[in-house]
Amino acid sequence: MANKLIFMQTPNMKKLLTQFEELSSKGLQEAIKGALIESHKYITPLLRQQIEKHRQTGRTENSLDEIPRVTVEGNKISMPVGFHISQGGLPSIFLMYGTPKMPPDTALYNAVFGDETKREIAKIQREYVKRAMQKYLNGG
């Protein structure tokens, strides 16, 4: 067992702890909401562009969720993105994953699940949280 102790000492420890508390209670939640809305704004046009080439009746295209709606349930913050299955979006699943007689549309799949999309979404979300933390740490 180690017999040395390490301490963190800073003249503004109380202020720093207060800022972190404010950040976790207010600022971080707002940053996450903003990040989710921006993520929605990134993905939705990609889906719109890819689904247009499959238009027959327009029903699947019209089932695309265009309006960002953030849901907060306790510590869980989420937002639906993509097609509403109950409103005509079921074919989007067959288009993305393919069927025995039809190959998958990888561009449509990648608009939501692709590595490039994942990287961009992570970047957007990281920036929002970073800005929120900087705002509170800088006394804003």
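Data block above holds the structure.
Below is a summary of the structure that appears in this document. From a predicted model like this one, the values you see are computed outputs, not experimental measurements. (Residues numbered from 1 in each chain as written. Predicted model: local features only at pLDDT ≥ 70, side-chain atom pairs only at ≥ 80, totals over all residues. Heavy atoms only, no water.)

1. Notes on the side chain of Thr117
Residue placement: Thr117 occurs in helix α5 (residues 115–137). Here the side chain of Thr117 touches Ala111 through a polar contact of 3.4 Å, landing on its backbone oxygen. (Helix = DSSP H or I, 4+ residues; strand = E, 2+ residues; numbered from the N terminus. Polar contact = N/O pair within 3.5 Å; in protein donor to acceptor, adjacent residues only side chain to side chain.)

2. Focus: the side chain of Ser63
In this structure, Ser63 sits in the loop between α2 (59–62) and β1 (71–73). Taking relative accessible area as the criterion, Ser63 reaches 1% and is therefore assigned buried. Separated by 2.6 Å, the side chain of Ser63 and the backbone oxygen of Thr60 make a polar contact. Excluding residues within four positions of it along the chain, Ser63 makes contact with Gly82, Phe83, His84, Gln87, Gly88 and Gly89. (Buried < 20%, exposed > 50% of the residue type's maximum accessible area, 1.4 Å probe, protein only. Contact = heavy atoms within 4.5 Å.)

3. Remarks on the pattern of salt bridges
A complete count under the given rule lists 7 salt bridges for this structure. Across the pair Glu61 and Arg48 runs a salt bridge, and its minimum N-O distance is 3.1 Å. You can see Glu61 sitting in helix α2 and its partner Arg48 sitting in helix α1 (residues 13–51), a full 13 residues away along the chain. For Glu61, a relative accessible area of 6% puts it in the buried group. Given the relative accessible area of 23%, Arg48 is considered partly exposed. Among the salt bridges present, the one from Arg55 reaches Glu61, with a minimum N-O distance of 2.7 Å. A cluster of three or more residues bridged by salt bridges with shared partners is formed by Arg48, Arg55, Glu61 and Glu66. (Salt bridge = Lys/Arg side-chain N within 4 Å of Asp/Glu carboxyl O.)

4. Some words on the nonpolar core
Counting residues in each nonpolar core, the largest one holds 12 residues, listed as Ile43, Leu47, Ile51, Leu64, Phe83, Leu95, Met96, Leu108, Ala111, Val112, Ile121 and Ile124. Mapped by element, the contributors of at least two residues to this core are α1, α3 (90–97), α4 (106–113) and α5. When near neighbours in sequence (up to four residues on either side) are disregarded, Ile43 contacts Val81, Ala111, Val112, Thr117 and Ile121. (Core = buried A, V, L, I, M, F, W, Y, C linked by side-chain atoms within 4.5 Å.)

5. Brief notes about the packing of aromatic side chains
On inspection of all chains with the given rule, the structure shows 2 aromatic pairs. Plain terms: the ring middles of Tyr97 and Tyr109 are 5.6 Å apart, the flat faces sit at 75° to each other, and that makes the pair edge-to-face. Placement of the pair is Tyr97 in helix α3 and Tyr109 in helix α4, with a sequence separation of 12 residues. Residue Tyr109 is classed as partly exposed on the basis of its relative accessible area, which comes to 28%. Look at Tyr109 and Phe113: their rings are 5.0 Å apart centre to centre, the planes differ by 40°, and that puts the pair in the tilted class. On the criterion of helical spacing, the pair formed by Tyr109 and Phe113 is a turn pair, its members being 4 residues apart in helix α4. By relative accessible area, which is 34% here, Phe113 ends up partly exposed. (Phe/Tyr/Trp six-rings, centres within 6.5 Å; stacked < 30°, edge-to-face > 60°.)

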